[in-house]
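Per-entry structural report
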Amino acid sequence: MTVELLMNPTPPTLRADETVAHALHLLLARRHRVLPVVDPEGRFVGMFGVHHLLESLLPRAATVPGGLTDLTYVRDDLKDLRARVREVGTRTVGAYLEGRAEAAKGAGGGEADDAPALLRPGMPLLETLLLLYRTRSSLPVVDEASGRLLGVVFYWEVFGKLARKG
Amino acid sequence: MHGADTGAWVPHVIFGWDPLWVSAIIFVLTYAVIITERVNRAIVALLGAGLMIFTGVLNQQAAVNGVDFNTLGLLAGMMVIVAITRRCGVFQYVAIWSAKKVRASPWGILLMLSLVTALFSAFLDNVTTVLLVAPVTLLITEELKVNPYPYLFSEILFSNIGGTATLIGDPPNIMIGSAVHLNFVDFVVNLAPIVLVIMAATLIPIYLIYGRGLRATDEARGRVMNFDEREAITDPRLLRQSLGVLGLVILGFVLAHVLRVEPATIAMFGAALLLLLDNWPRQAEEQSHQVHHAFGEVEWVTIFFFVGLFIVVAGIDRSGILRILAHRVLELTGDSLPVTAMAILWVSAIASSIVDNIPFVATMIPLIKSMGPALGGPDALLPLWWSLALGACLGGNGTIIGASANLIVAGFSERAGHPMRFVPFLLRAFPLMLLSVAIASVYVYFRYLA
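Residues numbered from 1 in each chain as written. Chains lettered and ligands numbered in written order. Predicted model: local features only at pLDDT ≥ 70, side-chain atom pairs only at ≥ 80, totals over all residues. Heavy atoms only, no water.

Along chain A, the regular secondary structure elements total seven helices and five strands. The secondary structure elements of chain A, listed N-terminal to C-terminal, are β-α-β-β-α-α-α-α-α-β-β-α. Counting all 166 residues of chain A, 40% fall into the buried class. For chain A, the share of sequence-separated contacts (at least 6 apart) that also reach a separation of at least 24 residues comes to 57%. (Helix = DSSP H or I, 4+ residues; strand = E, 2+ residues; numbered from the N terminus. Buried < 20%, exposed > 50% of the residue type's maximum accessible area, 1.4 Å probe, protein only. Contact = heavy atoms within 4.5 Å.)

Have a look at this one:
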């Protein structure tokens, strides 16, 4: 038994040229924490989710590795935060992911520390469950040769699928 | 200090080879591999140290005698004290307080954060200082909506300049102080005045290059003024304990010669006292966790790097090669103290802007000591020690790889989306480094040599 058993082959996806505002709308509507981002050819670009939106509201000084550990002394008001949501909302999802990857690469850190774990077709079931357990997130299944997104194993669908197949 | 007392050991090098050549080859190989940065520097230094013993240049006792435990104890003790102190948030408090004191004006903040960096660096190690100041700087510049580069650039320079002022500010000073028995007060009296002049002189070009162009809206400045620095203090009890112990340790350094104790004893005792105060109310298991964490904050790579280097340098010192080199240098400078001092100052600065100043200073110390007889005894060497300290510390500002603190800030800046490239940094920082060394040259000449 392999990853395909748990995979949703037709997941909702985001396109890299869609705006962050659109992504937010989709995430809220579908109640997903993350969704896969693909380019026009269907190749996997990255995962985009609530975590990234939260990050975009925070000062870079607190989210960058080695940054501030608390912000108790900063008094930002709601107006500032709303302005930041609007500002981030106009950017494209692709540009957002690219900026983060560039920063991680430039700093010599290789992949970003929260770069998504990828599942490969044919991955054994227990290994898939272990990765879900460790990452606590929905994970994309990506074809190694073409880079195409084949589906997503959604965190919340695992038990339903296991029960159904049993 | 290394080289000064390696016991009665006479080298018995394998195959009867000349100890002079064997030690020289091990030394050059060790330093060459350190410079390539291909292998971690602590590994290389320890391998070099092992080779000095295996080839018979030193035996184990002579190697251990070459290690300066005063330097190691002072470094490790201060690292533990700082690791505990930083938890209370006092450093963020000072940074924010200083930014608000200048009403959040962009140039005023650059000025204040630079001065705060220099002040912290004089009492903490430079890497710790920039690790504390750089994130707050990024936060403030984000709120001001100004480019953080000028701020981080200036903080790099001031961390190295500030570290020059005291015995504990920068590892070269710790090594020199320990080797020549120069105390905290000696460093402050001899180096702090010129460090203040260099700071003032460095701020002028920084203002002309960056300061004039810095602008922020009233709204952005208002956001910084709304910071509540008192909230940065996360543990008031720890704050009182840390500042109390830090104050006592600095007082101990000032009175070290009266108390007849070495700086390592003071720093280690202070560390133990602060560990006691911090852990007294805790349960045994939690104490173990906290003490483990505090010792984990000691930069063991640096400590073992020092151990290896001291032994490698003890090897070349023992073989007599440093005496020959010292003799050659004096031939070149015509046995003239002023010429030798200037040569040491400038060579140290240029070398330290390219390679790590720690191995450089470790080698220079026994070399300068060997010049004693020719130049009129150990007391006559004082100008040379100040030249070495000024050159090695200030030289770190020449390039982005000149000091560990520079690389730490560059890495942080890059992760935050503001890369610091080698050449643009060089073009601005190297002339400023030359300016500081030129000022130091005038000072050394007129104060000690004229």
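It is worth spelling out the overall build of chain B at this point. Scanning chain B for helices and strands turns up 23 helices and zero strands. Here the C-alpha atoms of chain B give a radius of gyration of 23 Å, agreeing with the 22 Å that 2.2 N^0.38 yields for 450 residues. Overall size of chain B, expressed as C-alpha extent along the three principal axes, is 75 × 55 × 45 Å. Within chain B, contacts between residues at least 6 apart in sequence are counted, and of these 81% link residues at least 24 apart. Positive and negative side-chain charges in chain B, numbering 25 and 28 respectively, have mean positions lying 7 Å apart. (Rg over C-alpha atoms; globule rule 2.2 N^0.38 Å. Lys, Arg positive; Asp, Glu negative; His and termini not counted. Charge placed at Lys NZ, Arg CZ, Asp CG, Glu CD.)

A separate point is the sheet that holds strand 2 (residues 34–38) of chain A. Strand pairing in a sheet relies on backbone hydrogen bonds. The paired strands run either parallel or antiparallel. Residue and element names in this part refer to chain A. With mixed pairing, three strands are arranged side by side in an open sheet as 1-2-3. Strand pairing shows two members of the sheet lacking a second neighbour, strand 1 (14–15) and strand 3 (44–49), which therefore form its edges. Across five bridges, strand 2 lies against strand 3 in antiparallel orientation. Bridging from a neighbouring strand, V34 pairs with G49 of strand 3. The strands that helix 1 (residues 20–30) touches are strand 1, strand 2 and strand 3; relative to strand 3, the one it contacts most, it runs at about 65°. (Pairing = 2+ DSSP bridges. Axes fitted to C-alpha atoms, helices over the stretch in contact; angles between N-to-C directions.)

Further remarks concern helix 6 (residues 125–135) of chain A. Residues and elements named next belong to chain A. Listed as buried for helix 6 are L125, T128, L131 and L132. Down the axis of helix 6, the sector holding all buried residues measures 125°, keeping them to one side. Exposed residues on helix 6 whose side chains face more than 90 degrees from its buried face are L126, Y133 and R134. Backbone geometry just after helix 6 places R136 at a positive phi near 50°. (Arc of directions from axis to C-beta.)

Considering the arrangement of structural elements, one finds R84(A) in helix 4 (residues 78–89). Relative accessible area serves as the criterion here: at 18%, R84(A) is assigned to the buried category. With near-sequence residues (within four places) excluded, R84(A) lies in contact with S56(A), L57(A), L58(A), P59(A), D76(A) and E143(B).

All names here are of chain B. Together, L248, L251, L255, V258, L259 and V261 give the surface a local cluster of nonpolar side chains, amounting to about 520 Å² of exposed area. Contributions of two or more residues to the nonpolar patch are made by helix 12 (236–254) and helix 13 (256–259). Here L255 is to be found in the loop between helix 12 and helix 13. Judged by its relative accessible area of 35%, L255 falls in the partly exposed class. (Patch = residues over 30% accessible without salt bridge, like charges linked within 9 Å, V, L, I, M, F, W, Y side chains within 5 Å. Areas by Shrake-Rupley, 256 points an atom, 1.4 Å probe, with all protein chains shown as cover. Salt bridge = Lys/Arg side-chain N within 4 Å of Asp/Glu carboxyl O.)

By the definition in use, this model includes 15 salt bridges over all chains. Across the salt bridge formed by D39(A) and R43(A), the nearest N and O atoms sit 3.1 Å from each other. In this structure D39(A) comes out as buried when scored by relative accessible area, which is 16%. Accessibility expressed as a relative area gives 37% for R43(A), which makes it partly exposed. Of the charged contacts, one joins D278(B) and R282(B) as a salt bridge, the two residues approaching to 2.9 Å between their closest N and O atoms.

All names here are of chain B. Between its first and last C-alpha, helix 5 (residues 90–101) extends 16 Å over 12 residues, near the 16 Å set by a 1.5 Å rise per residue. Looking at helix 5, one finds that the buried residues are V90, F91, Q92, A95, I96, S98, A99 and K100. On the buried face of helix 5, the contacting elements are helix 4 (69–85), helix 6 (106–123), helix 7 (126–144), helix 11 (218–225) and helix 12. Two residues or fewer after helix 5 comes R103, characterised by a positive phi angle close to 55°. (Expected span 1.5 Å × (residues − 1).)

So, about the interface of chain A and chain B. Accessible area lost upon the coming together of the parts serves often as the stated size of an interface. Between chain A and chain B, the residue contacts involve 21 residues of the former and 21 residues of the latter. In total, chain A and chain B occlude about 1,800 Å² of area from one another, counting both sides; carbon and sulfur atoms represent 59% of this. The partner of D80(A) in a salt bridge is R223(B), with the nearest N and O atoms 3.9 Å apart. Along the contact surface separating chain A from chain B lie six residue pairs in polar contact (both at pLDDT 80 or more). (Buried area = accessible area lost by both parts, 1.4 Å probe. Polar contact = N/O pair within 3.5 Å; in protein donor to acceptor, adjacent residues only side chain to side chain.)

Between two packed helices, what matters for the description is the angle formed by their axes and the separation of those axes. Residue and element names in this part refer to chain B. Here helix 17 (residues 321–332) crosses helix 19 (residues 357–370) at 65°, and the two axes come no closer than 8 Å. Between helix 17 and helix 19, the angle is such that the two are roughly perpendicular. In this structure, the crossing between helix 17 and helix 19 has a hand that is right-handed. Of the residues in helix 19, those touching helix 17 at L322, R323, L325 and A326 are T363, P366, L367 and S370. Of the residues contributing to the contact of helix 17 with helix 19, the split by class is five nonpolar, two polar and one charged. (Parallel < 35°, antiparallel > 145°, perpendicular 65-115°, else oblique. Left-handed = near helix turned anticlockwise from the far one by under 90°. Nonpolar A, V, L, I, M, F, W, Y, C, P; charged D, E, K, R; others polar.)

For the rest of this paragraph, the subject is the packing of helix 4 of chain B against helix 14 (residues 263–279) of chain B. Residue and element names in this part refer to chain B. Helix 14 packs onto helix 4 with a crossing angle of 30° between their chain directions and a minimal axis gap of 7 Å. Considered as vectors, helix 4 and helix 14 are oriented roughly parallel to each other. Like other packed secondary-structure pairs, helix 4 and helix 14 cross with a definite hand, here left-handed. Listed contacts from helix 14 to F69, N70, G73, L74, A76, G77, M78, V80, I81, I84 and T85 of helix 4 are P263, A264, A267, M268, G270, A271, L274, L275 and D278. Its residues assigned to classes, the contact of helix 4 with helix 14 shows 14 nonpolar, five polar and one charged.

Our focus in this paragraph is the confidence of the model for chain B. Model confidence for chain B is summarised by a mean pLDDT of 91, while 98% of its residues fall at 70 or above. Mean pLDDT across the elements of chain B bottoms out in helix 17 of chain B (85) and peaks in helix 8 (residues 149–163) of chain B (97). (pLDDT = per-residue confidence, 0-100.)

A separate point is the confidence of the model for chain A. A residue-level look at chain A finds 89% of positions with pLDDT of 70 or above and a mean pLDDT of 85. Within the model, the stretch residues 107–113 of chain A combines pLDDT values under 50 with nine contacts to residues more than four positions away or in other chains.

It is worth spelling out the packing of aromatic side chains at this point. Scanning the model with the defined rule gives 17 aromatic pairs over all chains in all. Of the aromatic side chains, those joined through ring pairs into one cluster are Y149(B), F153(B), Y210(B) and F425(B). Its end group placed over the ring of Y155(A), R33(A) keeps NZ or CZ at 5.9 Å from the ring centre. (Phe/Tyr/Trp six-rings, centres within 6.5 Å; stacked < 30°, edge-to-face > 60°. Lys NZ or Arg CZ within 6 Å of the ring centre and 35° of its normal.)

Attention now goes to unusual backbone geometry. One non-glycine residue, R31(A), adopts positive backbone phi at about 55°. Tracing the backbone through its elements, the reader meets R31(A) in the loop between helix 1 and strand 2. Even without being a glycine, D335(B) presents a positive backbone phi close to 55°. Take D335(B): its relative accessible area is 46%, and that puts it in the partly exposed class.

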